[in-house]
Amino acid sequence: MRVRRGAWVATAVALSLLLGACSGSEAPEDGPPTSARTGDVPTDEPSATTSDTPVPPVADPDHAVDPPGAREGRLWSADILVQWDQPLADALVEKIDRLKGVAHTERIGLGQVSLENRVLTVAAVDPGAYRHFTRADVADFQEGWDRVAGGEMSTTQAVSERLSDDDGFVRLGSDDDAPTLHVGALTPQIPTIDMVVNRAWADDIGMGEDNGLLISTDGVTPATIRKPLQRLVGKGASVQMLDVASRLGLDPDARLTAIPTDSTLGSVVGTYRYRVVDGRVEPDAAWVAANIRTETVPILGSVTCHKDLFPQLRAALLEVQQQGLAKEVHPSEYAGCYYPRFIADTTSLSNHAFGLALDLNVPGNQRGTVGEMDRAIVGIFKRWGFAWGGDWRYTDPMHFELAEVKKVG
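This is a predicted model, so every value here is computed, not measured.

Asker: Could you clarify how one ought to interpret the nonpolar core in this entry?
Answerer: Considering soluble globular proteins, one finds that nonpolar side chains tend to be buried as a cluster. Membership of the largest hydrophobic core comes to 44 residues, with the highest contact counts inside it found for Tyr272, Tyr274, Leu313, Leu349, Phe354, Phe381 and Phe400. Among residues more than four places away in sequence, those in contact with Phe381 are Leu313, Ala316, Leu317, Val320, Leu360, Phe386 and Phe400. Judged by nonpolar contacts, the second largest core, of 20 residues, contains Ala124, Leu186, Ala202 and Met207.

Asker: Whenever I open this one, the pattern of salt bridges confuses me. Can you help?
Answerer: Note on pairing: side chains with opposite charge can pair once their charged atoms come close. Throughout the structure, instances matching the rule amount to 18 salt bridges. One salt bridge connects Arg147 with Glu152, and the closest N-O pair in it is separated by 3.5 Å. The same class applies to Arg147 and to Glu152, which are both buried. The partner of Lys382 in a salt bridge is Asp391, and the shortest N-O contact between them spans 2.7 Å.

Asker: Explain the sheet that holds strand S12 (residues 272-277) here, please?
Answerer: Pairing between the strands of a sheet comes from backbone hydrogen bonds, and it takes one of two forms, parallel or antiparallel. Taken in spatial order, the three strands of this open sheet run S11-S12-S13, and their pairing is antiparallel. Edge strands, defined here as strands with exactly one partner in the open sheet, are strand S11 (256-258) and strand S13 (280-283). In this sheet, adjacent strand axes meet at a mean angle of 40° when their direction is disregarded.

Asker: Where do I start with the packing of helix H1 (residues 90-98) against helix H7 (residues 226-233) in this structure?
Answerer: Each pair of packed helices can be summarised by the angle the axes make with each other and by the distance between the axes. Interhelical geometry of H1 versus H7 gives an angle of 165° and a closest axis separation of 10 Å. Judged by the inter-axis angle, H1 sits roughly antiparallel to H7. Two packed elements cross with a definite hand, and for H1 against H7 that hand is right-handed. Residue-level inspection shows Leu92, Lys95 and Ile96 of H1 in contact with H7, the latter providing Leu229, Leu232 and Val233. Along the lines of polarity and charge, the residues of the contact of H1 with H7 split into five nonpolar, no polar and one charged.

What counts as what
- Residues numbered from 1 in each chain as written.
- Predicted model: local features only at pLDDT ≥ 70, side-chain atom pairs only at ≥ 80, totals over all residues.
- Heavy atoms only, no water.
- Core = buried A, V, L, I, M, F, W, Y, C linked by side-chain atoms within 4.5 Å.
- Buried < 20%, exposed > 50% of the residue type's maximum accessible area, 1.4 Å probe, protein only.
- Contact = heavy atoms within 4.5 Å.
- Salt bridge = Lys/Arg side-chain N within 4 Å of Asp/Glu carboxyl O.
- Pairing = 2+ DSSP bridges.
- Helix = DSSP H or I, 4+ residues; strand = E, 2+ residues; numbered from the N terminus.
- Axes fitted to C-alpha atoms, helices over the stretch in contact; angles between N-to-C directions.
- Parallel < 35°, antiparallel > 145°, perpendicular 65-115°, else oblique.
- Left-handed = near helix turned anticlockwise from the far one by under 90°.
- Nonpolar A, V, L, I, M, F, W, Y, C, P; charged D, E, K, R; others polar.

Put into structure tokens, the structure is as follows:
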């Protein structure tokens, strides 16, 4: 479901990002929280009651929850984040709550969305409870939490500048029916979380509503409870020490999990578990064995990609040949398909980590340029279900990635 109401304008500044041939760096964000829009705020609610008490704006009634009101109670340190590929059982949460060293917990939903060749984590939360795990100025930024409750998104300025359109909307996925959310607040986020929405969005985004748990250890060093916590949650869960992640980007001792919410990507990737080894992504060997293949395709020859990419890649390249355009694709300038690593200088996975993207004619199609890619070739790849990086806000014209699974033959 897409929701677009009014002509809202988000602050936007061009931002450079690269990944190897198609990657880049992103400056860290640690500024104060702020509203993402300027001028009047169009909503479906009056701006004030008859007693002049402000009424929180409701941008999207279909995805609104009760406004949280003013913050009450103490703040908690966000020390550990656990993610499963299924909802948490009440009995398990009770055991975690009783674990020595656990001071407070909060259930959240977690999912990963692929946006312009980077995989970002979305948290679906109860705004009134989740805010207690954020830093003080963010927790007390009432307008931001009211906007999340009213159906908008909170994210960092860097994410908004890179991904939101001119009206301040971000489309969460490549599917035609992917939900489109308005950015209502620009705030620093808890480590490893990129975007925050309320729980009413979870189903439309295709993410779990209770498959994540935030844990505060208060005065206890988080690492001291890693082993007993890991024994409780099992090997299938990702357990990240967020104090380490805040310094290094990711917990190097964690077994991490990505569960793409996009129906196309999710159906192909499934649950992607990996570790970070010397800054590199090391996927589970079982996932690689089940999904990655080296095969021969027209024009390029032998390539290594996700097995489900090959039918559409072959079909696209065969049509390029049939249209007499093969000379416009240069095999010597092909920069790979399956490449398990992060976007340079970030901890965001690329679609290359899944083997679902490829880079063509690299020298003449650098990031941030119009590029030299033949537009007839672009059209062929699009017909066969690929998205083209040349269409992005910050262009990447060498890059093609799977956007839609199509039946071939």
